[in-house]
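What the coordinates show
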Amino acid sequence: MQNHAFFIALAYGLGALALVAEMLWLWRRSQSALARAQEEGRP
Amino acid sequence: MNKPLTDFSRAWRWRQLASPPVFYQWAGRVWPWLAGLALLLAAAGLWVGFLLAPTDSQQGEVYRIIFLHVPAAWMSMFIYLVAALHAGLGLVYKTRLSPLLARALAPTGAVFTVIALWTGAAWGKPTWGAWWVWDARLTSELILLFLYLGYLGVVSAIEDSQRADSAGAIVLLAGVVNIPIIYFSVQWWSTLHQGATIRWDAAPSMTHSMLAGMLLMALACWAYSLAVALVRTRCLILERAQEERL
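The sections below set out a description of the structure shown in this document. (Residues numbered from 1 in each chain as written. Chains lettered and ligands numbered in written order. Predicted model: local features only at pLDDT ≥ 70, side-chain atom pairs only at ≥ 80, totals over all residues.)

1. Things to note about the packing of helix H5 (residues 136-157) of chain B against helix H7 (residues 178-188) of chain B
Each pair of packed helices can be described by the angle between their axes along with the distance between the axes. Residue and element names in this part refer to chain B. Quick reminder of the rule: Axis definition: a line fitted to C-alpha atoms, over the contacting stretch in the case of helices. Angles run 0 to 180 degrees between N-to-C directions. Per the convention used, a helix needs a DSSP run of H or I reaching at least four residues, while a strand needs a run of E reaching at least two, with both numbered from the N terminus. For classification purposes, an angle smaller than 35 degrees is called roughly parallel, one larger than 145 roughly antiparallel, one from 65 to 115 roughly perpendicular, and anything else oblique. By convention, the crossing between two helices is left-handed when the near helix turns anticlockwise from the far helix through less than a right angle, and right-handed when the turn is clockwise. For every residue pair, C-beta atoms are placed from the backbone, and the pair is scored as a contact if these atoms sit within 7 Å.
Taken N-terminus to C-terminus, the directions of H5 and H7 make an angle of 160°; their axes are 8 Å apart at the nearest point. When the axes of H5 and H7 are compared, the pair comes out roughly antiparallel. Our pair here, H5 against H7, has a crossing hand that is left-handed. Seen from H5, the contacting residues are Ala136, Arg137, Ser140, Glu141, Ile143, Leu144 and Leu147; seen from H7, they are Asn178, Ile181, Ile182, Ser185 and Val186.

Rendered as structure tokens:
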């Protein structure tokens, strides 16, 4: 059971990490795209 | 009497979404709702999967990995098909938004493929005694990851956007043949990977609470994918507009 908890935590932990990394990367990309658009005077 | 006119105006409103500026505004309004829905559905799915679903009599607790593994594997295949469809539409009809949608979907599809492979490995080690086996299902899913990476590599390597979209579309369309291979691999070959738990032509071979947990998590992955794809499409619309002005 304890061993199973390790594998479950490994699966869900790294799965969540991948999704959070994707969201953070996308957040940075959208912020920089917005900043460049605002520099050019577009929304 | 008014019905045809109403249908026409509704259809016209949807068709306007093919215009990048209209889509940009619409996606900006919709994505926060989808992100909230994804959070709620994931919370409900994990609650059902970890607190309501019973322990499996053969696999014990480790089977609970399927609540992430199966939806991730479904999304990896489904997103690929939708991305290939949009890339194909862009290639044939030269629509402006379709290639952007394909580009927006592919990274999320790749992330779900990695999650499906990773969670499968974490389930395989305690169940089969191995992190990885060169089984038809696992190998074809790995090929799917290479197809996603190949597409992303091609579209980022070619500087001219339209040429990059065309080359990327060819990669995506050529790889579509891999999707039925992944899906039917457990039927076509003698594999270590178990057969489909949920089939269109048969009742599911799991209890209702297990099924509910898995479907809730699948819906959460759907909502997440849509939200992320909409935000990424907004970025791509801005970036493409900046490129065109240069």
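Still more to cover.
2. Overview of the packing of helix H3 (residues 66-93) of chain B against helix H4 (residues 97-128) of chain B
Residues and elements named next belong to chain B. Stated formally: Gly counts as polar in this scheme, as do all residues outside two lists: the nonpolar Ala, Val, Leu, Ile, Met, Phe, Trp, Tyr, Cys and Pro, and the charged Asp, Glu, Lys and Arg.
For the pair H3 and H4, interaxial distance at closest approach is 7 Å and the crossing angle is 155°. Classified by the angle between their axes, H3 and H4 sit roughly antiparallel to one another. Between H3 and H4 lies a crossing whose hand is left-handed. Each residue belonging to the contact of H3 with H4 can be placed in one class, and the counts come to 19 nonpolar, ten polar and no charged.

3. Details of H5(B)
Residues and elements named next belong to chain B. Rule in force here: Helix span, as expected, comes to 1.5 Å for every residue beyond the first. For every residue, the other C-beta atoms within 10 Å of its own C-beta are counted; 20 or more classify it as buried, 12 or fewer as exposed, and values in between as partly exposed. C-beta atoms are placed from the backbone.
The end-to-end C-alpha distance of H5, which contains 22 residues, comes to 31 Å, matching closely the 32 Å that a straight helix rising 1.5 Å per residue would cover. Of all the positions in H5, only Arg137, Leu138, Ser140, Glu141, Leu144, Leu147, Tyr148, Tyr151 and Val155 are classed as buried. Residues of H5 that are buried in the fold lie against H3, H4, helix H6 (161-175) and H7.

4. Focus on the environment of Leu145(B)
Residues and elements named next belong to chain B. Here Leu145 is to be found in helix H5. Note: C-alpha distance between Leu145 and Ala87 (58 residues apart in sequence) is 17 Å. Among residues more than four places away in sequence, those in contact with Leu145 are Ala110, Thr113, Val114 and Leu117.

5. Regarding the interface of chain A and chain B
Taken together, the contact between chain A and chain B spans 21 residues of the former and 25 residues of the latter. Partitioning the side of chain A that touches chain B into residue classes produces 13 nonpolar, four polar and four charged.

6. Notes on the environment of Leu17(A)
All names here are of chain A. Examined against the element boundaries, Leu17 turns out to sit in helix H1 (residues 2-39). According to the C-beta neighbour criterion, Leu17 is exposed, with 12 such atoms within 10 Å. Between the alpha carbons of Leu17 and Ala35 there is a distance of 27 Å; along the sequence they are 18 residues apart.

7. What to know about unusual backbone geometry
For residues that are not glycine, phi is negative in most cases, and the peptide bond is trans in most cases. At Lys94(B), a position not held by glycine, the phi torsion is positive, near 55°. Its location among the elements puts Lys94(B) in the loop between H3 and H4.

8. A word on the nonpolar core
So the rule is basically this: To form a nonpolar core, buried Ala, Val, Leu, Ile, Met, Phe, Trp, Tyr and Cys residues must be joined through C-beta atoms within 7 Å.
In this structure, Ile65(B) and Ala83(B) are the most contacted members of the largest nonpolar core, which totals 71 residues. Elements that contribute at least two residues to this core include exactly H1 of chain A together with helix H2 (20-52), H3, H4, H5, H6 and helix H8 (208-245) of chain B. If sequence neighbours within four positions are ignored, Ala83(B) has contacts with Ala102(B), Leu105(B), Ala106(B), Gly109(B) and Leu172(B).

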